[in-house]
Amino acid sequence: VNVSYYPAGSSLSFLFSAGVGLTGIVNGELRTGWSHRNSLIDELQPGPIGANPSDSLDGIYEVTSDDTFGSENYIAWEKAVMAGADFQDLNGDGVYDPNIDRPDLLGDKTLWTVYNDVTDLAQRSPRLMTSPLNIEIQQTVWGYESTDDVGDIIFFRYRVINKGSDTIEDAILTFTADPDIGDFEDDRIASDINRQMGYTYNFEDDALYGATPPAFGIVLLQGPIVEST
């Protein structure tokens, strides 16, 4: 995630950069799979493991609640399914058909992509410089077109697949963020343990947002639903 803006369509930004990272122990060795570009950490690459990062399957696929059977986005979702995305199999034949089945639409707009950490040491330098974990991350992002608070929320779901032959012990998945709410020099950070939330806010009027700057927070809604073994 690079610079993000709020309200939508404005030039006012609240988030400078964000990313995802996985850390774990493989055969007694600490390994990482991180992406946080403003810290010069970019150990991930597009696509499923084994695919060329410039392959036609690698990309961000989009579907909205306004799309219908046979629409451009429904047709494009076929490539997402080939790369690992879910779909609603309405005729139960196990094969995605954009004229019969639905993409995995959550909310009013859903984005799906896949990436992996099987990158070489040159890309992992000069920061963490570990060997890859051999993990693939299938990421779903969705939101709702709403005028109430839920319209200001973006949901992320990660499916992490260990495609290596080794067990990853003590694995930790995290979402990193470098928020800048308007003017970055007057931001404050805090946490709410009961809500499992970290957040950023302004303690005074902001030079760019003025007297009513927004706050930005990240909340963990659900941990792993398949326990690691």
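Going by the structure above, here's the rest.
Residues numbered from 1 in each chain as written. Predicted model: local features only at pLDDT ≥ 70, side-chain atom pairs only at ≥ 80, totals over all residues. Heavy atoms only, no water.

Quick word on the environment of S191
Here is step 1 of the chain: Among the structural elements, S191 can be located in strand β13 (residues 187-192).
Here is step 2 of the chain: Along the sequence, S191 and N162 sit 29 residues apart, while their C-alpha atoms lie 31 Å from each other.
Here is step 3 of the chain: The residues touching S191, leaving out its near neighbours within four places in the chain, are M197, G198 and Y199. (Helix = DSSP H or I, 4+ residues; strand = E, 2+ residues; numbered from the N terminus. Contact = heavy atoms within 4.5 Å.)

Brief notes about the nonpolar core
Here is step 1 of the chain: With 11 residues, the main nonpolar core is built from L57, Y61, V63, Y74, W77, A80, A83, A85, Y96, W112 and V114.
Here is step 2 of the chain: Every element with two or more residues in this core is listed here: β6 (61-64), α1 (72-83) and β9 (109-116).
Here is step 3 of the chain: Residue contributions to this core peak at 4 residues, all from α1.
Here is step 4 of the chain: Those residues within four positions of A85 in sequence are excluded, and the remaining contacts are W77, A80 and W112. (Core = buried A, V, L, I, M, F, W, Y, C linked by side-chain atoms within 4.5 Å. Buried < 20%, exposed > 50% of the residue type's maximum accessible area, 1.4 Å probe, protein only.)

Some points on α1
Here is step 1 of the chain: Compared with an ideal rise of 1.5 Å per residue, which puts 12 residues at 16 Å, α1 spans 18 Å between its outermost C-alpha atoms and is within 8% of the ideal.
Here is step 2 of the chain: Residues of α1 that are buried include every one of Y74, W77, A80 and A83, and no others. Viewed end-on, α1 has its buried residues packed into an arc of 135°, placing them on one side of the element. Opposite its buried face, α1 presents the exposed residues E72 and M82, each directed more than 90 degrees away.
Here is step 3 of the chain: Elements in contact with the buried residues of α1: β6, β7 (87-88), β8 (102-103), β9 and β10 (135-143). (Expected span 1.5 Å × (residues − 1). Arc of directions from axis to C-beta.)

Structural notes on the packing of aromatic side chains
A ring pair, where both rings are aromatic, is described by two values, the distance of the centres and the angle of the planes.
Here is step 1 of the chain: Within this structure, the stated rule accounts for 9 aromatic pairs.
Here is step 2 of the chain: A centroid spacing of 5.8 Å and a plane angle of 80° characterise the contact between F69 and Y74, whose relative ring orientation is edge-to-face.
Here is step 3 of the chain: Plain terms: the ring middles of W142 and F155 are 5.4 Å apart, the flat faces sit at 10° to each other, and that makes the pair stacked. A residue pair is termed long-range when its members are at least 10 positions apart, and W142 in strand β10 and F155 in strand β11 (residues 154-162) qualify at 13 residues. The pair W142 / F155 is uniform in exposure class, with both members buried.
Here is step 4 of the chain: Three or more aromatic residues joined by ring pairs make a cluster, and in this case those are W142, Y144 and F155. (Phe/Tyr/Trp six-rings, centres within 6.5 Å; stacked < 30°, edge-to-face > 60°.)

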